[in-house]
Amino acid sequence: MRYGIARGIYANEAGYGTAAVAYGTARSSEPQKQGLNAVMEVFVVSFVTSTISALTILVSGVAERSIAVKQAGGAFITSSAAVADAFNLAMPTVGGWIVAVCAFLFGFTTLIGWAYYGEQFLEYILGRRVTLPYRWIYCLLIPFGAVLKPDLVWAWGDLMNALQVFPNVIGLVGLSAIAAAYAKARETRGCRCCRCSLFSFAS
């Protein structure tokens, strides 16, 4: 459960506060639409993509085999390696390449996205002068992350994510009254039934 939640948060970034950076750049006069898009993004990644990956590992028997190896004290597989192994059982050779290509694209787009997030954060705090040095440092750190031990990289990533989630959750709780007031103001434009209120909010 612990690793599943941690890895799932990497994919959907729920609670990070990064969605505000991405959706804040959209040209829209109705911010609630951007909020609904963000909610659907989390749903698709968490309940569709991640569920398919989990079911593939469970149905193929990779999970049972890996647990048995772990209990025996051997080297067991997790994460993308487990998904690749499961796909290989159903589609020999091809399945592993599919997962490898998807993992590469996910990693590449994640590097671009997080580079943009960090740049926007630091630019807001320190100004435009920090942009170029940040880009150089960010690019130079990528090779170090690629050659370090995976357990160390995952542990560092989990720690850094936790440090940004906790203050963001405090902000979400503090701003929840404003969001609720905005939603209520939208609701009063239509009728009082739940269905119409939902459509009024979504539109």
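It should be noted that the structure appears before, not after, this text.
Remember, it's a predicted structure, so these values are computed and weren't measured experimentally.

Draft legend 1. Broad picture of the overall build of the chain. Helix and strand content of the chain: nine helices and zero strands. When the helices and strands of the chain are read in sequence order from the N terminus, they spell out α-α-α-α-α-α-α-α-α. For 203 residues, the compact-globule estimate of 2.2 N^0.38 gives 17 Å, and the C-alpha radius of gyration of the chain, at 21 Å, exceeds that figure by more than 25%. Along the first, second and third principal axes, the C-alpha atoms of the chain reach 60 × 50 × 30 Å. Per-residue burial for the chain yields a buried fraction of 19% across its 203 residues. Look at the contacts in the chain between residues 6 or more apart in sequence, and 56% of them connect residues 24 or more apart. A total of about 14,500 Å² of accessible surface is found on the chain, and carbon and sulfur atoms cover 73% of it. Positive and negative side-chain charges in the chain, numbering 15 and 10 respectively, have mean positions lying 7 Å apart.

Draft legend 2. The arrangement of the packing of helix α6 (residues 94-126) against helix α7 (residues 131-147) in detail. It is at 10 Å that the axes of α6 and α7 come closest, and there the two elements cross at 145°. In the crossing of α6 with α7, the sense of the turn from one axis to the other is right-handed. The residues of α7 that touch α6, namely those facing T110, L111, W114, A115, G118, E119, L122 and E123, are T131, Y134, R135, Y138 and I142. Tallied by class, the residues present in the contact of α6 with α7 amount to seven nonpolar, three polar and three charged.

Draft legend 3. How the structure looks around a nonpolar patch on the surface. Judged by side-chain polarity, M40, F43, V44, F47, V48 and I52 come together as a nonpolar surface patch covering roughly 560 Å² of accessible area. Here I52 lies in helix α3 (residues 31-60).

Draft legend 4. Seen up close, unusual backbone geometry. Although it is not a glycine, T93 sits at a positive phi angle of roughly 70°. Assignment of secondary structure puts T93 in the loop between α5 (79-90) and α6. The exposure class assigned to T93 is exposed, which follows from its relative accessible area of 55%.

Draft legend 5. Broad picture of the packing of α5 against α6. The N-to-C vectors of α5 and α6 enclose an angle of 150°; their axes lie 6 Å apart at closest approach. As for the relative orientation of α5 and α6, their crossing is right-handed in sense. Residues S80, V83, A84, F87 and N88 of α5 form the contact with α6, whose participating residues are V94, G95, G96 and V99.

Cut-offs used in this document
Residues numbered from 1 in each chain as written. Predicted model: local features only at pLDDT ≥ 70, side-chain atom pairs only at ≥ 80, totals over all residues. Heavy atoms only, no water. Helix = DSSP H or I, 4+ residues; strand = E, 2+ residues; numbered from the N terminus. Rg over C-alpha atoms; globule rule 2.2 N^0.38 Å. Buried < 20%, exposed > 50% of the residue type's maximum accessible area, 1.4 Å probe, protein only. Contact = heavy atoms within 4.5 Å. Areas by Shrake-Rupley, 256 points an atom, 1.4 Å probe, with all protein chains shown as cover. Lys, Arg positive; Asp, Glu negative; His and termini not counted. Charge placed at Lys NZ, Arg CZ, Asp CG, Glu CD. Axes fitted to C-alpha atoms, helices over the stretch in contact; angles between N-to-C directions. Left-handed = near helix turned anticlockwise from the far one by under 90°. Nonpolar A, V, L, I, M, F, W, Y, C, P; charged D, E, K, R; others polar. Patch = residues over 30% accessible without salt bridge, like charges linked within 9 Å, V, L, I, M, F, W, Y side chains within 5 Å. Salt bridge = Lys/Arg side-chain N within 4 Å of Asp/Glu carboxyl O.

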